[in-house]
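Geometric and topological summary
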Amino acid sequence: PNSQYEITRRRVENGIKEWWYFSNSELKKLKNDTNNASPDFSSSINKIMTLGLEHARSLLHDINFLSEADGYAKWREREAESLSNIVQERLKYLQNPSDCANAKKLICNINKGCGYGCQIHHLVYCSIVAYGTQRTLILNSKGWIYNKAGWETIFKPVSDTCTDPGGASVKEWSEHPDAQVVNLTIIDYVQPKPKFIPPAVPKDLVLRLARLHGDPVIWWIGQFLKYLLRPQEATEKLLNDATKKMNFAKPVVGIHVRRTDKIGTEASFHSIEEYMTAVEDYYDALDMSEDNVRRVYIASDDPTVITEAREKYPNYEILGDPKISSSAAVETRYTEDSLKGIISDIHFLSQSDYLVCTFSSQVCRLAYEIMQTKYPDASARFRSLDNIFYYGGQDSYYHVTVVPHKAEDPNEIDLKVGDLVDVSQNYWNGYSKGRNMRTLKLGLFPSFKIKNSIKSVTFPTYSEINK
Ligand code: GDP
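Below, the structure is looked at part by part. (Residues numbered from 1 in each chain as written. Predicted model: local features only at pLDDT ≥ 70, side-chain atom pairs only at ≥ 80, totals over all residues. Heavy atoms only, no water.)

1. Here's the deal with the site of the ligand
- As a structural note, the neighbourhood of the ligand is formed by 21 residues, with Gly 117, Arg 258, Lys 262, Asp 345 and Ser 361 the closest of them.
- The backbone of Ser 300 places a nitrogen or oxygen atom 3.0 Å from an oxygen atom of the ligand.
- Comparing atom positions with the cavity grids shows the ligand to sit within the second largest pocket.
- At the level of secondary structure, the elements contributing two or more residues to the shell around the ligand comprise α4 (116-132), β7 (295-300), α11 (336-350) and α12 (362-371).
- Class assignment of the residues belonging to the shell around the ligand gives a composition of 8 nonpolar, 8 polar and 5 charged. (Near = heavy atom within 4 Å. Polar contact = N/O pair within 3.5 Å; in protein donor to acceptor, adjacent residues only side chain to side chain. 1 Å grid on protein atoms, 1.4 Å probe; cavity = no way out; pocket = protein on both sides within 12 Å on 5 of 7 lines; lining within 4 Å. Sits in = over half its atoms within 2 Å of the grid points. Helix = DSSP H or I, 4+ residues; strand = E, 2+ residues; numbered from the N terminus. Nonpolar A, V, L, I, M, F, W, Y, C, P; charged D, E, K, R; others polar.)

Pasting the structure below:
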């Protein structure tokens, strides 16, 4: 298919959702306005809300069907597989150099002082820089805070043949980024900043990615996770056993509720009802065509969430293990048991059809990234109750204005076609917040007036592989 066709099809799908978020939120305001208390008015509003929602769902259903009826579904599957094979082969090649003693290397220490999601993101950043600089990644994971014995007890080694960190010269990235062996510090402090860090995607793949995927950088990150998180047999068995034990099946919506130490420091509290409203929405839309079992998988660091959900939503099949959540408490978080729990939670979240969570948490962003490896394009399969997606420490990244906007009140900002916008939030009510990089003004604007942009950077193309 032509790229413009694929991009427009996704834009229409997104536009229908945004249009409905806008209408629904404005109608709610009218309904709650006491000046409009007359019963006739109320009943008209209710009718627009009910039928409007049905109409929006029907449109989404049709546009979804279009992506099957256009005959490109097979192509999407094959294209995703072909692109993934290219990246996986390159990673395997890079990680297993024929002459380890003389290979260029990049050393990465897993023990960044933070949680599992954050540490895995640190590792992904290291691997992306390794790929960008054609260095073999050497993972230092001895004394890993989650498992003292190290990475290889859980996941396959990042290299089968080259694990010796030695070389003729070993230097810090900040001093000698050209030395044979380079130590890479965390993304938050790295100087000079490697040009390869997200949201960069490789130029040699960008056209294909832009056509296939709604948000190519997430696909790209997903490919590194696919390579890094290859489970050891025991880990695979743990996940398979858990799948059977709980009767994990589709359809299923993954819910991640991040509480404990995150609340009040890096995120706000969200009630189970807020998550379930988004879940209900998902299932109501799905049930346009047939009745489905309403199933959710709940992951949380707060064990009361699962019990509360089971009490409040008896018509739902609620999967999830409060014991896992208990082990995620701050006091027991950095233990082998807790590690198994978080690996298993992230696994099931990433296996779901749709994710409802807070993107302020690295746990959910990680699950969402892994999810991209299970579908040709899973970029629209989520609902975040707070932030839009981002990669911690990412380079500046702008959306592009496609429809001009004139501010209607002091909270809004003007946009001209082509203006770059640094988006900080989507309120899922038709509006987003961001800074116009031309005027430097920060404020609200209708979400449909901008589009995603892709930052492509020249990475090595590993053309020697197929010679
Ligand atoms: P963030 O703090 O939420 O951005 O994510 P991090 O992964 O960096 O740190 C949070 C840590 O808390 C995780 O790595 C887990 O150890 C624990 N945790 C948070 N949420 C969950 C959950 O849903 N399930 C489990 N098992 N552990 C969790």
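2. Focus on the sheet that holds β7
- The strand order across the open sheet built from 5 strands is β8-β7-β6-β9-β10, with neighbouring strands paired in parallel fashion. The two strands at the open ends of the sheet, each matched to only one other strand, are β8 (317-319) and β10 (382-384). On average, adjacent strands in this sheet sit at an angle of 20° to one another, irrespective of strand direction.
- Sheet topology note: the strand β6 (residues 253-257)/β7 ladder contains 5 bridges and is parallel. Bridge pairing in β7 links Gly 254 to Tyr 297.
- Against the sheet, helix α8 (residues 272-286) makes contact with β6, β7, β9 (354-357) and β10, and its axis sits at roughly 165° relative to β6, the strand it touches most. (Pairing = 2+ DSSP bridges. Axes fitted to C-alpha atoms, helices over the stretch in contact; angles between N-to-C directions. Contact = heavy atoms within 4.5 Å.)

3. Things to note about the side chain of Asn 426
- Within the secondary structure, Asn 426 is located in strand β12 (residues 420-426).
- Owing to a relative accessible area of 10%, Asn 426 belongs among the buried residues under this scheme.
- In this structure the side chain of Asn 426 is engaged in a polar contact, spanning 3.0 Å, whose partner is the side chain of Glu 18.
- Excluding its chain neighbours within four sequence positions, the residues that come into contact with Asn 426 are Glu 18, Asp 386, Ile 388, Tyr 431, Ser 432 and Ser 447. (Buried < 20%, exposed > 50% of the residue type's maximum accessible area, 1.4 Å probe, protein only.)

4. What to know about a nonpolar patch on the surface
- A cluster of nonpolar side chains, Leu 420, Met 437 and Leu 440, forms an exposed patch at the surface whose accessible area comes to about 250 Å².
- Note on placement: Met 437 falls in the loop between β13 (431-436) and β14 (442-446).
- Of the residues examined, Met 437 reaches a relative accessible area of 30% and is grouped as partly exposed. (Patch = residues over 30% accessible without salt bridge, like charges linked within 9 Å, V, L, I, M, F, W, Y side chains within 5 Å. Areas by Shrake-Rupley, 256 points an atom, 1.4 Å probe, with all protein chains shown as cover. Salt bridge = Lys/Arg side-chain N within 4 Å of Asp/Glu carboxyl O.)

5. Brief notes about the state of the cysteines
- Enumeration over the complete set of coordinates arrives at 4 disulfides.
- Between the sulfur atoms of Cys 100 and its disulfide mate Cys 162 the distance is 2.1 Å. Taking the torsion about the sulfur-sulfur bond, which here is approximately 70°, the covalent link between Cys 100 and Cys 162 counts as right-handed. Of this pair, Cys 100 sits in the loop between α3 (73-95) and β1 (105-109) while Cys 162 is found in the loop between β2 (136-140) and β3 (170-172), placing the two residues 62 residues apart along the sequence. In this structure, Cys 100 and Cys 162 share a single accessibility class: buried.
- Sequence-ordered numbering of the disulfide-bonded cysteines in the protein chain gives the connectivity 1-6, 2-5, 3-4, 7-8. (Disulfide = S-S within 2.5 Å.)

6. Concerning the layout of surface pockets
- Taken as a whole, the second largest pocket encloses approximately 820 Å³ of empty space.
- In terms of lining, the second largest pocket is formed by 43 residues, of which the most central are Gly 115, Cys 118, Arg 258, Lys 262 and Gln 362.
- Where the lining of the second largest pocket is concerned, the elements lending two or more residues are α4, β7, α10 (322-327), α11 and α12.
- Among the elements that line the lining of the second largest pocket, the one with the most residues is α4, at 6 residues.
- Of the residues assigned to the lining of the second largest pocket, the class counts are 17 nonpolar, 16 polar and 10 charged. (Points joined across faces, edges and corners; volume = space filled by probe spheres on them.)

7. A short note on the environment of Leu 385
- Mapped onto the secondary structure, Leu 385 falls in the loop between β10 and β11 (399-401).
- With 264 residues separating them in the primary sequence, Leu 385 and His 121 have C-alpha atoms 21 Å apart.
- When residues no more than four places from it in sequence are discounted, the contact partners of Leu 385 are His 270, Glu 274, Tyr 275, Cys 357 and Thr 358.

8. Regarding the packing of aromatic side chains
- Under the counting rule described, the total for this entry stands at 30 aromatic pairs.
- Measuring from ring centre to ring centre gives 6.3 Å for Phe 248 and Tyr 297, while their planes differ by 70°; the resulting arrangement is edge-to-face. With Phe 248 in the loop between α7 (233-246) and β6 and Tyr 297 in strand β7, this residue pair connects regions lying 49 residues apart in the sequence.
- The exposure class assigned to Tyr 297 is buried, which follows from its relative accessible area of 1%.
- With centroids separated by 6.1 Å and ring planes inclined at 70°, the aromatic side chains of Tyr 283 and Tyr 316 adopt a geometry described as edge-to-face. Taken together, the positions of Tyr 283 in helix α8 and Tyr 316 in the loop between α9 (304-312) and β8 put the pair 33 residues apart, joining distant regions of the chain.
- According to the relative accessible area criterion, Tyr 283 is buried, its value standing at 0%.
- Positioned over the ring face of Tyr 227 is Arg 230, at 4.1 Å from the centre of the ring.
- For Arg 365, the ring lying beneath its charged end belongs to Tyr 390, and the centroid distance is 3.9 Å. (Phe/Tyr/Trp six-rings, centres within 6.5 Å; stacked < 30°, edge-to-face > 60°. Lys NZ or Arg CZ within 6 Å of the ring centre and 35° of its normal.)

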